[in-house]
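# Structural overview for review
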Amino acid sequence: MPRLADPDPNAIPADVRDVLSALPPDPMVKMLTHSVGTVNLFIQLARAQFTSLELPARSRELVILTVAEYTECEFVAAQHRPMSEAAGVDRATREIITSRDIDNPALSGHDRTLIRFAAEVVRSPRVPDDLFDEVRHILSEREIVEVLQVIGYYWSFGRVATVLNVELTTVYGDEPLLTDETERAE
């Protein structure tokens, strides 16, 4: 059961209601609406993570699944399992992430480095130089910053879900959660 009640619809400003009306009903968006000053920005950042990154979708999904695992957030994991599959992450790789076997030789060198990096960022404030050097060999500087932003976004998203006990009611499959309104109009 969620720790906070649904926000009072009468307390939500009209501009925020307009943004939310273009989205499918979602318990996480509803919970985020308690912060009327940031919910739209949070949604915009989610959209940017699906539309404006140089980081490939498959790499983004590896990072998100790793963050979900290391923040123990089933809400994010459940949403992104089908999205990751659509982005080309196979079941064996998802299982390796879930088992936290991040040094598994079955992973490609690229995937192992990316997953280890994401896990380390979630676990501690600093990343060892040798791991950072490995990341520099597989990602551009822009992609490194994008990975850190994806990690930060999903860490925050995961903590809202876990601390406030947001219930998973809908899994969006291969559709990115919180896409732009034109995609939601389908």
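To be clear, the structure that these remarks concern was listed above.
These remarks concern the structure in this document. This one's a predicted model, so the numbers in the text were calculated from it and none came from an experiment.

What follows covers the overall build of the protein chain. Check the secondary structure of the protein chain and you find 10 helices and zero strands. Reading the protein chain from its N terminus to its C terminus gives the helix and strand order α-α-α-α-α-α-α-α-α-α. Over its C-alpha trace the protein chain gives a radius of gyration of 17 Å, about what one expects of a compact globule, namely 16 Å for 186 residues. Projecting the C-alpha coordinates of the protein chain onto the three principal axes gives extents of approximately 55 × 30 × 30 Å. The buried share among the 186 residues of the protein chain stands at 44%. Long-range contacts, defined as pairs at least 24 residues apart, comprise 68% of the intrachain contacts of the protein chain with a sequence gap of at least 6. As displayed, the protein chain offers around 9,500 Å² of accessible surface, 52% of which is attributable to carbon and sulfur atoms. Averaged over its 18 positive side-chain charges, the protein chain has a centre that lies 3 Å from the centre of its 31 negative ones.

Turning our eyes to something else, we now look at the layout of surface pockets. Of the volumes computed, that of the largest pocket is approximately 220 Å³. Along the walls of the largest pocket sit 13 residues, with Leu-20, Asp-26, Val-29, Lys-30 and Thr-33 positioned nearest its centre. Sorting the residues of the lining of the largest pocket by element identifies α1 (14-21) and α2 (27-32) as the ones contributing at least two each. Tallied by class, the residues present in the lining of the largest pocket amount to eight nonpolar, one polar and four charged.

Moving on to the environment of Leu-107. Here Leu-107 shows up in the loop between α6 (91-98) and α7 (109-123). For the pair formed by Leu-107 and Pro-24, sequence separation is 83 residues and the distance between their alpha carbons is 36 Å. Ignoring sequence-local partners within four residues, the contact set of Leu-107 consists of Thr-93, Ile-96, Asp-101, Ile-102, Arg-112 and Ile-115.

Looking now at the environment of Met-28. Here Met-28 is to be found in helix α2. Among the residues examined, Met-28 registers a relative accessible area of 1% and is labelled buried. The sequence separation of Met-28 and Gly-158 amounts to 130 residues, and the corresponding C-alpha distance is 10.0 Å. Discounting residues that sit within four places of it in the chain, Met-28 has contacts with Phe-75, Phe-157, Val-160, Ala-161 and Val-166.

What follows concerns the nonpolar core. Formed by 52 residues in total, the largest nonpolar core has its most connected members in Met-28, Val-63, Val-147, Tyr-154 and Phe-157. Looking at which element gives the most residues to this core, the answer is helix α9 (residues 141-163), with nine residues.

With 13 residues, helix α5 (residues 74-86) extends 19 Å between its outermost C-alpha atoms, agreeing within 8% with the 18 Å of an ideal straight helix rising 1.5 Å per residue. Considering bend angle alone, the principal kink of α5 is centred on His-80 and spans about 35°; proline Pro-82 follows within four residues of it. For α5, the set of buried residues is Phe-75, Val-76, Ala-77, Ala-78, Gln-79, His-80, Met-83 and Ser-84. Buried-residue contacts for α5 involve α2, α3 (39-51), α4 (57-70), α6 and α9. Directly after α5, the chain includes Gly-88, whose backbone phi takes a positive value near 100°.

In this section: the environment of Val-36. Within the secondary structure layout, Val-36 lies in the loop between α2 and α3. On the basis of relative accessibility, which here comes to 32%, the residue Val-36 falls in the partly exposed class. When the C-alpha atoms of Val-36 and Leu-107 are compared, they prove to be 42 Å apart, with 71 residues separating the residues in sequence. Each residue touching Val-36, except ones within four places of it in the same chain, is listed here: Ala-11, Ile-12, Pro-13 and Val-16.

Conventions and cut-offs
- Residues numbered from 1 in each chain as written.
- Predicted model: local features only at pLDDT ≥ 70, side-chain atom pairs only at ≥ 80, totals over all residues.
- Heavy atoms only, no water.
- Helix = DSSP H or I, 4+ residues; strand = E, 2+ residues; numbered from the N terminus.
- Rg over C-alpha atoms; globule rule 2.2 N^0.38 Å.
- Buried < 20%, exposed > 50% of the residue type's maximum accessible area, 1.4 Å probe, protein only.
- Contact = heavy atoms within 4.5 Å.
- Areas by Shrake-Rupley, 256 points an atom, 1.4 Å probe, with all protein chains shown as cover.
- Lys, Arg positive; Asp, Glu negative; His and termini not counted.
- Charge placed at Lys NZ, Arg CZ, Asp CG, Glu CD.
- 1 Å grid on protein atoms, 1.4 Å probe; cavity = no way out; pocket = protein on both sides within 12 Å on 5 of 7 lines; lining within 4 Å.
- Points joined across faces, edges and corners; volume = space filled by probe spheres on them.
- Nonpolar A, V, L, I, M, F, W, Y, C, P; charged D, E, K, R; others polar.
- Core = buried A, V, L, I, M, F, W, Y, C linked by side-chain atoms within 4.5 Å.
- Expected span 1.5 Å × (residues − 1).
- Bend = angle between axes of the 7 residues up to and from the residue.

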